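Each chain, written out:
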Amino acid sequence: MRTLRAVAVTAAVALLGAAVPYLTSTAAHAAGPVLRATVTQVSVWATGYGADVTVTNTGDAPATGWTVAFDLPAGTTVSSSWSAVRAQSGQRYTFTNVSWNGTVNPGASQTFGFNAAGIGTPVNCTVNGGSCAGGPAPSPSTPPSPSASPSPSASPSASPSASPPSSPPPGGPVVDVATAAQLSSALSSANPGTTIRLAAGAYRGAFATTRAGTANARITLTGPRTAVLINDGPSGTAPSCPAPTAGWDSGYGLWLFDAPYWNLTGFTVAESKKGIVLDNSHHVTISGVYVHHTEDEGVHFRRSSADGIIRDSIVEYTGLVQPGYGEGVYLGSAGSNWACHGNSGGVDRSDRVQVLNNRIGPYVAAEHIDIKEGTFDGVIRGNTFDGRGISGQNSADSWIDAKGIGYLIENNTGTFAAPGTFVNGYETHNPATTPTFLNGCGNVWRGNSSNLGGVGQYAIRITSTSKCAGNLNVVYASNTVVNATSGLTNIPVTP
């Protein structure tokens, strides 16, 4: 029996997926760019929320710059933002593109984001001076008409629907649970739209679900930080490939299997073999969770669990039994495991996962984020990596090992200090797979800040360029490093 580590009391986290008014900017048709902006709340908590803003060009010529402005009600402020230059005058906030996201080609989009302190949502929005509701700029006294915004787990490069829904998704039943038996029952019987609400306390058991939500009626599991899920397994005889099986306890703290469109928010998973595991569970949003003291990895998007988000969460003290397998966040599967988890044409396509504004470490024994081969187009943004305790076992000697394709890695902060084994901040590798991909290629680093503690060699080490012909990795000059034995990177930087 494991001993439960004490956890601090924090404010309960509110339900995810709330929609901010759908914002658009249009003009009379003419040859030229036509911009529209969509604001989507991607996480909500008791005292604020996080939002992504997508600027889309529905015209027939490129836009060479954009400015989005809106008012927030008194009592709500923007506490932080990314991928835009922010200015403020009273309660009006203005966001202007930065150097690398100002061009918006026809049919394409650019994205920035912000966190708000307070629950008020934007009103009086403009894009390049035009009304977000269309036509002239709105009257300051008249907020735009609300309607639903796209799914918060959509890829940041995806265009909004041309005909968005006219109202937010309907609510559903709320199931309050306070015991392990009640939680197991709720997980096994949840229907689209259900909210399972955890009371504070320890829940010991094997908590798994195969129930699916839908895009318009997600299933939510929510609770305060002091609601702690613990699995004292594993036990029984495991199947040849992991799947919920009678008589076998996987040891996972929380397991979603064939269970898409869930929100997981606020609670803690601890003292388990693995923390949160998603198998073939796409469009899952994890927000404000605390995962700690796991034998292996903390959070795993596996078996083509695509279009997921983990944000505003903490993962620490992983790999307590198998240090080389103690990743903080694990995206996809190694090619050697595709026989079990390669359910998309023989590949684990856990694509387009976003890892946003988390604190990962200390004492994450393997990579803080392991991006596996055969996965595409994820976003790693705004995270803090604390490298203390990284083990060096099984080549685990960096914050991120990027073996995937087309990832954007930006505005993260990484540090290293003893104890631990540390070689580089970020590394790429190019494993061969069947089917074949340009693994470890086409990834982009921007605005990352690295402190290698006088031990690490490069902040960003690109292991091979010859294997990425036509899809090179790019390291921008906006990345910075201190206390490196070799420097920022081993390839030429891009201005």
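The structure this text deals with has already been given above.
Let me sum up the structure you'll find in this document.

Criteria and cut-off values
- Residues numbered from 1 in each chain as written.
- Predicted model: local features only at pLDDT ≥ 70, side-chain atom pairs only at ≥ 80, totals over all residues.
- Heavy atoms only, no water.
- Pairing = 2+ DSSP bridges.
- Helix = DSSP H or I, 4+ residues; strand = E, 2+ residues; numbered from the N terminus.
- Polar contact = N/O pair within 3.5 Å; in protein donor to acceptor, adjacent residues only side chain to side chain.
- Contact = heavy atoms within 4.5 Å.
- Disulfide = S-S within 2.5 Å.
- Phe/Tyr/Trp six-rings, centres within 6.5 Å; stacked < 30°, edge-to-face > 60°.
- Buried < 20%, exposed > 50% of the residue type's maximum accessible area, 1.4 Å probe, protein only.
- 1 Å grid on protein atoms, 1.4 Å probe; cavity = no way out; pocket = protein on both sides within 12 Å on 5 of 7 lines; lining within 4 Å.
- Points joined across faces, edges and corners; volume = space filled by probe spheres on them.
- Nonpolar A, V, L, I, M, F, W, Y, C, P; charged D, E, K, R; others polar.

Attention now goes to the sheet that holds strand β14 (residues 219–222). As summarised here, the arrangement of the 11 strands in space is β10-β11-β14-β17-β20-β23-β26-β29-β32-β35-β38, forming an open sheet in which the pairing is parallel. At either margin of the open sheet sits one strand with a lone partner, and together these are β10 (174–177) and β38 (474–475). Two elements, strand β29 (residues 379–381) and strand β32 (residues 408–410), share 3 bridges in a ladder whose sense is parallel. Residue pairing across strands places I380 opposite I409, the latter belonging to β32.

Moving on, we get to the side chain of S281. If you trace the backbone, S281 turns up in the loop between β19 (274–279) and β20 (285–287). A polar atom in the side chain of S281 sits 3.2 Å from the backbone oxygen of L256. Setting aside residues up to four positions removed in sequence, S281 forms contacts with L256, F257, D258, A259, P260 and S305.

Here a disulfide denotes a covalent bond joining the sulfur atom of one cysteine to the sulfur atom of another. A complete count under the given rule lists 2 disulfides for this structure. The disulfide partner of C241 is C340, and the gap between their sulfur atoms is 2.0 Å. One disulfide, between C241 and C340, carries an S-S torsion of -80° and so falls in the left-handed class. Of this pair, C241 sits in the loop between β15 (227–230) and β16 (252–257) while C340 is found in helix α2 (residues 338–341), placing the two residues 99 residues apart along the sequence.

For the rest of this paragraph, the subject is the packing of aromatic side chains. Applying the stated criterion across every chain yields a total of 17 aromatic pairs. With a centroid separation of 6.4 Å and an interplanar angle of 80°, the aromatic rings of W338 and F437 are classed as edge-to-face. Here F437 lies in the loop between β34 (426–428) and β35 (444–446) and W338 lies in helix α2, a separation of 99 residues in the sequence. The class of W338 is buried, set by a relative accessible area of 5%. Summarising the aromatic geometry, the rings of F385 and Y426 are spaced 6.4 Å apart at their centres and angled 75° between planes, so their arrangement reads as edge-to-face.

Every regular strand shows the same layout, with side chains that alternate between the two sheet faces. The buried fraction of strand β3 (residues 67–71) amounts to 4 of the 5 residues, a majority that puts the element mostly inside the structure. Relative to strand β6 (residues 92–96), β3 is paired through 5 bridges, and the arrangement is antiparallel. Note on β6: the bridge partner recorded for A69 is T94.

Moving on, we get to the layout of surface pockets. Of the pockets and cavities examined, the second largest pocket occupies roughly 520 Å³. Forming the boundary of the second largest pocket are 27 residues, of which Y325, E327, Y330, A334 and N337 lie nearest the centre. The set of elements that each furnish at least two residues to the lining of the second largest pocket consists of β22 (299–302) and α2. Residue composition of the lining of the second largest pocket, grouped by class: 6 nonpolar, 10 polar and 11 charged.

In short, shape yes, function no, at least from these values alone.
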